[in-house]
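Given next are the chains, with one letter for each unit.
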Amino acid sequence: MSDKKRGRLIVFEGVEGAGKSTQLERLGGHLARAGVSHREFREPGGTALGDSIRQLLLDPLSTVSARAEALLFMASRAELVSRELRPALESGTIVLLDRFFLSTYAYQIAGRGLAESDVRSANTMATDGLVPDLTLLLTLSADVGLERAERRSATDRIERSGREFHVRVEEAFAEFSTREWQGMHEECGPIVALDASGAPEAVEALVLDVVTSRFRELRTALGAAA
Ligand code: Z5A
């Protein structure tokens, strides 16, 4: 895949309410104003199958075992990668993605306690080796993030998993930002942690700074349009 990939895959990750959707939308706005071709997706979802899986996974009334949950996320991902992400990237499009497999590592391995080797193997099948060009990891405490998410709307099945679960997820994301962890997980690509506790405008400035310093081709376009 990597030899054919001409676009860039930029992933937003972090705990609930970290501001991923907000920041993805803002970066998308900058790209659109600069006339840069881009697509926006979120996980789970982004395809007909993925959207149906999303409903099953988030419905507060559904009961899903940990292994089934992990495999449903993988099925949604496999569909999104092959039907949408790869074709977009191969045509030179910038792809902004709200969550990818770092979320599975945080929620299903650290949160649910599934074996890392099993989840990584299944994920290799789902992504077929697609590595993000950049992951922006928005860091925030689980408590603040949950408060933000609860203020916004009714909680979904995964949000209702309890505080200890969400603290394990927060701790896992903190570990992912270390060089040591990234050295042992090359499938994740470069991960840059950003403090997401400030106002949306402050986080937006951090996002723009990282994106324009990482991707030379976006520096001029975004610098001019920002
Ligand atoms: N999940 C998983 O377990 N395994 C996986 O492999 C994958 C996902 C891919 C998807 O739910 C759930 O699936 C998610 C992880 C799990 N579950 N949980 N729990 P989702 O897509 O519905 O939800 P989400 O990804 O967690 O998104 P979110 O809750 O909407 O969070 P967000 O996108 O990071 O935040 P936001 O929507 O931009 O902002 C949330 C609120 O905070 C909103 O009212 C904003 O106006 C406000 N906000 C945003 N930024 C700020 C700042 N800077 N200050 C103050 N307030 C802010």
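Notes on the structure in this doc start here. (Residues numbered from 1 in each chain as written. Predicted model: local features only at pLDDT ≥ 70, side-chain atom pairs only at ≥ 80, totals over all residues. Heavy atoms only, no water.)

1. Considerations on the site of the ligand
- Around the ligand, 26 residues are found, and the nearest of them are Glu-16, Lys-20, Ser-21, Thr-22 and Arg-152.
- Separating an oxygen atom of the ligand from a side-chain N or O atom of Ser-21 is a distance of 2.6 Å.
- A distance of 2.8 Å separates a nitrogen atom of the ligand from a polar side-chain atom of Gln-108.
- In isolation the ligand exposes 1,100 Å². Once the protein is present, 85% of that is buried.
- For the shell around the ligand, the elements supplying multiple residues, two or more each, are α1 (20-33), α2 (48-58), α3 (66-90), α4 (101-111) and α6 (142-152).
- Of the residues forming the shell around the ligand, the biggest block, four residues, is contributed by α4.
- Residues of the shell around the ligand, tallied by class, amount to eight nonpolar, nine polar and nine charged. (Near = heavy atom within 4 Å. Polar contact = N/O pair within 3.5 Å; in protein donor to acceptor, adjacent residues only side chain to side chain. Areas by Shrake-Rupley, 256 points an atom, 1.4 Å probe, with all protein chains shown as cover. Helix = DSSP H or I, 4+ residues; strand = E, 2+ residues; numbered from the N terminus. Nonpolar A, V, L, I, M, F, W, Y, C, P; charged D, E, K, R; others polar.)

2. Points about the packing of aromatic side chains
- Here the structure, examined in full by the defined rule, presents seven aromatic pairs.
- Ring centres 5.7 Å apart and planes at 80° place the aromatic pair Phe-173 and Phe-176 in the edge-to-face group. A residue pair is termed a helical-turn pair when its members lie 3 or 4 positions apart in one helix, as Phe-173 and Phe-176 do in helix α7 (residues 163-176) at three residues.
- By relative accessible area, Phe-173 is classed as buried at 4%.
- An aromatic cluster is defined as three or more aromatic residues linked by ring pairs; in this entry it consists of Phe-100, Phe-101, Tyr-105, Tyr-107, Phe-165, Phe-173, Phe-176 and Trp-181. (Phe/Tyr/Trp six-rings, centres within 6.5 Å; stacked < 30°, edge-to-face > 60°. Buried < 20%, exposed > 50% of the residue type's maximum accessible area, 1.4 Å probe, protein only.)

3. Observations concerning the pattern of salt bridges
- Scanning the model with the defined rule gives 17 salt bridges in all.
- For the salt bridge of Glu-43 with Arg-77, the shortest nitrogen-to-oxygen distance reads 2.7 Å. Here Arg-77 lies in helix α3 and Glu-43 lies in the loop between β2 (38-42) and α2, a separation of 34 residues in the sequence. You'll find Glu-43 and Arg-77 in the same group, each marked buried.
- Taken together, the shared-partner salt bridges connect Glu-13, Glu-16 and Arg-99 into one network. (Salt bridge = Lys/Arg side-chain N within 4 Å of Asp/Glu carboxyl O.)

4. Focus on α1
- With 14 residues, α1 extends 20 Å from end C-alpha to end C-alpha; this agrees with the ideal 20 Å at 1.5 Å per step.
- Those residues of α1 lying buried are Lys-20, Gln-23, Leu-24, Leu-27, Gly-28, Gly-29, His-30 and Leu-31.
- Within two residues after α1, Gly-35 carries a phi angle of roughly 75°, on the positive side. (Expected span 1.5 Å × (residues − 1).)

5. Side note on the pairing of strand β1 (residues 8-14)
- Burial of β1 is extensive: six of the seven residues sit out of reach of the surface.
- Looking at chain direction, β1 and strand β3 (residues 94-98) are connected through five bridges and run parallel. Residue Val-11 lies in a different strand from β3, and its bridge partner there is Leu-97.
- Note: β1 against strand β4 (residues 134-139), five bridges, orientation parallel. Residue pairing across strands places Glu-13 opposite Leu-137, the latter belonging to β4. (Pairing = 2+ DSSP bridges.)

6. Let's talk about unusual backbone geometry
- Cis geometry marks the peptide bond from Glu-43 to Pro-44, where omega comes out at -10°.
- Turning to its location among the elements, Pro-44 is positioned in the loop between β2 and α2.
- Phi at Arg-99 takes a positive value of approximately 75°, unusual for a residue other than glycine.
- With respect to the element layout, Arg-99 can be found in the loop between β3 and α4.
- Residue Arg-99 is classed as buried on the basis of its relative accessible area of 13%.

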